[in-house]
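# Architecture at a glance
In case you want the letters, here they are:
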Amino acid sequence: MSKKEFRFEHNYHTHTIYCYHAVNTVQEVILNAIKNGWKTIGISEHAPVKIHRKFRLNLNNIEDYIQEVSFYKRKYKNQITVLCGLEAEYDESAFEHYNTLRHMKGIDYMILGNHNMGNPSDCKEWNVNRVDLDQYGKQLEDAAKSRIFSYVAHPDIIYRYYLKWDEKAINLAKKMIDISIKYDFPLGFNLNGLRMKLVDFDYPTDMFWKMVAKSKAKVIIEADAHDPYTMSQEMVDKGVNLIKEWGLEKNLISKLKIK
């Protein structure tokens, strides 16, 4: 796959100042996407929980978020397709809350980004002292079964905390790949993780993606942009080069099927 054969034109993972840890406004995100020649820009703010937690959209502001994205969706409709989405953790106990958010007027889609263990309202984030690969796999499968998510962002994020490529890590990778295929649940190849990558276990985790390359699982590149640089062609080129190196060309899809 050459760069001419693949054009990164549809990105569904982007953040704004609504999550309190990104620097772009909604309009800046859209203008950057237009500048880069993208055809689709999906803004997927970190979904709110009932008791507000840091680094995510406040539930009190969700209507403002939807209205602002909708305004610019109309304003730039002749230049780019703008989608309003949410990125959310998932646990069965939170299904009712997230199902309600997914079906709010103005929300086009939701992606799974599992940073937390258990009920997301508890905000118990995965870390090196609290890693349960079985639970991570279960939450991924529960999310796929729920049919409220269109794909899973950075599925390999868990390995940056587990830090071992042993039988348990390999078994989780196999499970994630099986879930992806069974439920037609694409796996997100994350450019923001690539930007922050310090050791092999940071995502994108090469051991995981080389296993994906031997499967029929679908892979979608996601900018996961929190600033303009992560939306740049330089970052896209880095991601595409790794995809070529790890043999993922045949797995790659460019456009998402919204659920």
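Refer to the structure presented above.
Treat the numbers as computed from the prediction; the structure is a model and nothing was measured.

## Observations concerning the sheet that holds strand 9 (residues 252-253)
Spatially, three strands are ordered 7-8-9 in an open sheet, and the strand pairing comes out parallel. Of all the strands in the sheet, the pair left with one neighbour each is strand 7 (187-190) and strand 9. As paired strands, strand 8 (residues 219-222) and strand 9 are joined by two bridges and run parallel to one another. Bridging from a neighbouring strand, Ile 220 pairs with Ile 253 of strand 9. Contacts from helix 9 (residues 233-245) reach strand 7, strand 8 and strand 9 within the one sheet, and its direction differs from that of strand 7 by about 120°.

## Focus: the sheet that holds strand 3 (residues 81-88)
Spatially, 1-2-3-4 is the arrangement adopted by the four strands of the open sheet, whose pairing is parallel. Each having just a single partner strand, strand 1 (10-11) and strand 4 (109-112) make up the two edges of the open sheet. Bridging between strand 2 (residues 40-46) and strand 3 involves seven bridges; their strand directions are parallel. In the strand pairing of strand 3, Gly 42 is matched with Leu 83. Docked against the sheet, helix 2 (residues 62-75) engages strand 2 and strand 3, running at close to 155° with respect to strand 3.

## Some remarks on the side chain of His 226
Mapped onto the secondary structure, His 226 falls in the loop between strand 8 and helix 9. We classify His 226 as buried; its relative accessible area is 12%. Side chain to side chain, His 226 and His 21 meet in a polar contact 3.2 Å long. At a separation of 3.0 Å, a polar atom in the side chain of His 226 contacts the main-chain carbonyl oxygen of Asp 224. When residues no more than four places from it in sequence are discounted, the contact partners of His 226 are His 15, His 21, Ala 22, Val 23, Asn 24, His 46 and Asn 192.

Quick notes on the rules
Residues numbered from 1 in each chain as written. Predicted model: local features only at pLDDT ≥ 70, side-chain atom pairs only at ≥ 80, totals over all residues. Heavy atoms only, no water. Pairing = 2+ DSSP bridges. Helix = DSSP H or I, 4+ residues; strand = E, 2+ residues; numbered from the N terminus. Contact = heavy atoms within 4.5 Å. Axes fitted to C-alpha atoms, helices over the stretch in contact; angles between N-to-C directions. Buried < 20%, exposed > 50% of the residue type's maximum accessible area, 1.4 Å probe, protein only. Polar contact = N/O pair within 3.5 Å; in protein donor to acceptor, adjacent residues only side chain to side chain.

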